[in-house]
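Examining the three-dimensional arrangement
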Amino acid sequence: MTLVPDPPASLPRFPRDFLWGVSTSAAQIEGAVAEGGRGRSSWDVFAAESGRIKDGSDARVATDHYHRYPEDVALLKGLGVRAYRFSVAWPRVVPDGAGEVNAAGLDFYDRLVDALLAAGVEPVPTLFHWDTPQALEEGGGWLRRETAEAFAGYADVVAARLGDRVGRWITLNEPAELTLLGYGVGQHAPGRQLLFDALPAAHHQLLGHGLAVQALRARGARSIGIANSHGPTWAASGSEADRSAADLYDLLLNRLFAEPLLLGRYPGAELGFDVADLMPGPVAEDLKVISGPLDWYGINYYQPTRVGAPTESGGAAPAEFAGIALPPELPFAPREIEGYPRTDFGWPVVPEALTELLVSFRERYGDRLPPLVITENGCSYEGTEDEERIAFLDGHLRALHAAMAAGVDVRGYFVWSLMDNFEWAEGYARRFGLVHIDYETLARTPKASYRWLRDVLREQERG
Ligand code: BGC
């Protein structure tokens, strides 16, 4: 990868109807957590606990998008994207997760959708991006089946209000991260450390997805997808121990959610780790709901992972990986990926792994795979010069195009993120935005990557 990318005009041409967009999520940008009747979320409570967020911050103000959304919509228009992926905050719409609906919360998203449409930008809402209503979390959150049912009720409420103007919906964002980081190792809200006992949270999110798809379809939704995180898993060596550790990690990251959704079954029997046995409720029946047809499948891609067996001393395994401290009890250990540049977050920059991932999806799922959309891809860099972010995006767009040229059906690409924002347990230290946020003044300043992407989109529109 070069730090001086070729000019935007040199990027290969994507299809004319390709969906170019950028992404954000409610908990990371909205702020206004106690305004307009919003209920508390699991992240409000988690961030208020001492030591949870690295820089001691919280998302009570974040980028103040709740008040400044007109400015943000103007930035989207100036960028020239066709679509904007944002999330609806469940506790803003149904403050306790189930029961009473908060009209003021719905009004906010109604105004946002209208503003986007007036700016010529397609609204693509995600119904859930990790901000579980605290009232539900206190009852066990996603470990309980009731949360999946409540989620479908909330999806119905949102679709009833926005469905006349929203064509494309996303149910969940990255249930893998919420399961692993939130319930498995406790680095994200709700801060539980259940290790493999966290798996019911995966099942209930999948069930919530399936039930929400039914609710959306009943309201006439035409195009529904989900945003899952995926990345190639590379075994640390050819040894059997490393290969089985990598297989298990691959199962948890890449197969645990994709296979129920696309194939209607849980993976793992062939590895002697049949996930279906660990799931609660009438699993076979639930799988029928979970595998209802999807119009497209969203992939969030950031980096590949190199994984080996844990060493006895724990020596070769970093105690921390991608900012996340991994407990030594896990039967796999991430290893350093050497020979690639790194983002300021320490994540290796490996564009060709995106091609590898997309091609492997087509090979794994064949005809069962609906069209793909890259629902997130991006990087965190602190500097204002921003050449690295441009090089990252340039490299990944070329890698995406290569996968498409190899026959993978990809219909869109969304950059994470429109603007710098609250990066979960990292606080404000990580900057993923095309637009810089000054957290003192909340001023928005487009970075060089914003201008670069604008020029790319202009070139692409030219055909
Ligand atoms: C999440 C985003 C997050 C980004 C960068 C994804 O896991 O969906 O909310 O900010 O990655 O870490």
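Quick caveat, the model's predicted, so the values are computed rather than measured. (Residues numbered from 1 in each chain as written. Predicted model: local features only at pLDDT ≥ 70, side-chain atom pairs only at ≥ 80, totals over all residues. Heavy atoms only, no water.)

1. Section: the overall build of the chain
Along the chain, the regular secondary structure elements total 15 helices and 15 strands. Computed over C-alpha atoms, the radius of gyration of the chain comes to 21 Å, within 12% of the 23 Å expected from 2.2 N^0.38 for 463 residues, which places it in the range of a compact globule. Every one of the 463 residues in the chain was classed for burial, and the buried ones make up 61%. Within the chain, contacts between residues separated by at least 24 positions form 78% of all contacts whose residues are at least 6 apart in sequence. A total of about 16,800 Å² of accessible surface is found on the chain, and carbon and sulfur atoms cover 50% of it. For the chain, the separation between the mean place of its 43 positive charges and that of its 64 negative charges on side chains is 5 Å. (Helix = DSSP H or I, 4+ residues; strand = E, 2+ residues; numbered from the N terminus. Rg over C-alpha atoms; globule rule 2.2 N^0.38 Å. Buried < 20%, exposed > 50% of the residue type's maximum accessible area, 1.4 Å probe, protein only. Contact = heavy atoms within 4.5 Å. Areas by Shrake-Rupley, 256 points an atom, 1.4 Å probe, with all protein chains shown as cover. Lys, Arg positive; Asp, Glu negative; His and termini not counted. Charge placed at Lys NZ, Arg CZ, Asp CG, Glu CD.)

2. Digging into the sheet that holds strand 1 (residues 19-23)
With respect to topology, eight strands assemble into a closed barrel ordered 1-2-3-4-5-7-12-13, the strand pairing being parallel. Across this sheet, the average inter-strand angle for adjacent strands is 25 degrees, counted without regard to direction. Pairing of strand 1 with strand 2 (residues 83-87), which is carried by three bridges, proceeds in the parallel orientation. By the bridge assignment for strand 2, Gly 21 is matched with Ala 83. Contacts from helix 9 (residues 199-218) reach strand 3 (122-128), strand 4 (168-173) and strand 5 (223-229) within the one sheet, and its direction differs from that of strand 4 by about 165 degrees. (Pairing = 2+ DSSP bridges. Axes fitted to C-alpha atoms, helices over the stretch in contact; angles between N-to-C directions.)

3. So, the packing of helix 13 (residues 352-365) against helix 14 (residues 387-405)
Contact geometry for helix 13 and helix 14: axes closest at 8 Å, N-to-C directions at 30 degrees. With respect to each other, helix 13 and helix 14 are oriented roughly parallel. Note that helix 13 runs across helix 14; the crossing there is right-handed. Residues Glu 352, Leu 354, Thr 355 and Leu 358 of helix 13 form the contact with helix 14, whose participating residues are His 396, Ala 399, Leu 400, Ala 402 and Ala 403. When its residues are assigned to classes, the contact of helix 13 with helix 14 shows six nonpolar, two polar and one charged. (Parallel < 35°, antiparallel > 145°, perpendicular 65-115°, else oblique. Left-handed = near helix turned anticlockwise from the far one by under 90°. Nonpolar A, V, L, I, M, F, W, Y, C, P; charged D, E, K, R; others polar.)

4. Notes on unusual backbone geometry
Cis geometry marks the peptide bond from Ala 189 to Pro 190, where omega comes out at 10 degrees. By the secondary structure assignment, Pro 190 is in the loop between helix 8 (175-184) and helix 9. The linkage connecting Trp 416 with the following residue, Ser 417, adopts the cis geometry, with an omega of 15 degrees. Mapping Ser 417 onto the fold places it in the loop between strand 13 (410-416) and strand 14 (435-437). The backbone of Ala 62 sits at a positive phi, close to 50 degrees, despite the residue not being glycine. Within the secondary structure layout, Ala 62 lies in the loop between helix 2 (42-48) and helix 3 (65-79). Positive phi outside glycine occurs at Asp 64, with the angle close to 60 degrees. As for its position among the elements, Asp 64 is in the loop between helix 2 and helix 3. For Asp 64, a relative accessible area of 12% gives the class buried.

5. Brief notes about the packing of helix 3 against helix 15 (residues 448-462)
The axes of two packed helices give the description: the angle between them and the distance between them. Contact pair helix 3 / helix 15: the axes reach a minimum separation of 8 Å and the direction vectors enclose 50 degrees. With respect to each other, helix 3 and helix 15 are oriented oblique. Taking contact as the criterion, the partners of Leu 75, Gly 78 and Leu 79 in helix 3 are, on helix 15, Tyr 450, Leu 453, Arg 454 and Leu 457. Each residue belonging to the contact of helix 3 with helix 15 can be placed in one class, and the counts come to five nonpolar, one polar and one charged.

6. A few points about the site of the ligand
Around the ligand, the neighbouring residues are Gln 28, His 129, Trp 130, Asn 173, Glu 174, Tyr 302, Trp 347, Glu 376, Trp 416, Glu 423, Trp 424 and Phe 432. Here an oxygen atom of the ligand sits 3.4 Å away from a polar atom, N or O, in the side chain of Tyr 302. Coverage of the ligand by the protein amounts to 94% of the 310 Å² it exposes when considered alone. For the shell around the ligand, a count of residues per class yields six nonpolar, three polar and three charged. (Near = heavy atom within 4 Å. Polar contact = N/O pair within 3.5 Å; in protein donor to acceptor, adjacent residues only side chain to side chain.)

7. Description of the packing of aromatic side chains
Counted under the stated rule, the structure contains 32 aromatic pairs. Considering the side-chain rings of Trp 347 and Phe 432, the 5.9 Å spacing of their centres and the 55 degrees angle between planes classify their relative orientation as tilted. With Trp 347 in the loop between strand 11 (333-335) and helix 13 and Phe 432 in the loop between strand 13 and strand 14, this pair connects stretches of sequence that are 85 residues apart. Phe 432 matches Trp 347 in its accessibility class, with the two residues each being buried. Among the aromatic residues, those joined into a cluster by ring pairs are Trp 43, Phe 46, Trp 130, Phe 422, Trp 424, Tyr 428 and Tyr 439. In this structure, Arg 92 packs its charged tip against the face of Phe 108, placed 5.9 Å from the ring centre. (Phe/Tyr/Trp six-rings, centres within 6.5 Å; stacked < 30°, edge-to-face > 60°. Lys NZ or Arg CZ within 6 Å of the ring centre and 35° of its normal.)

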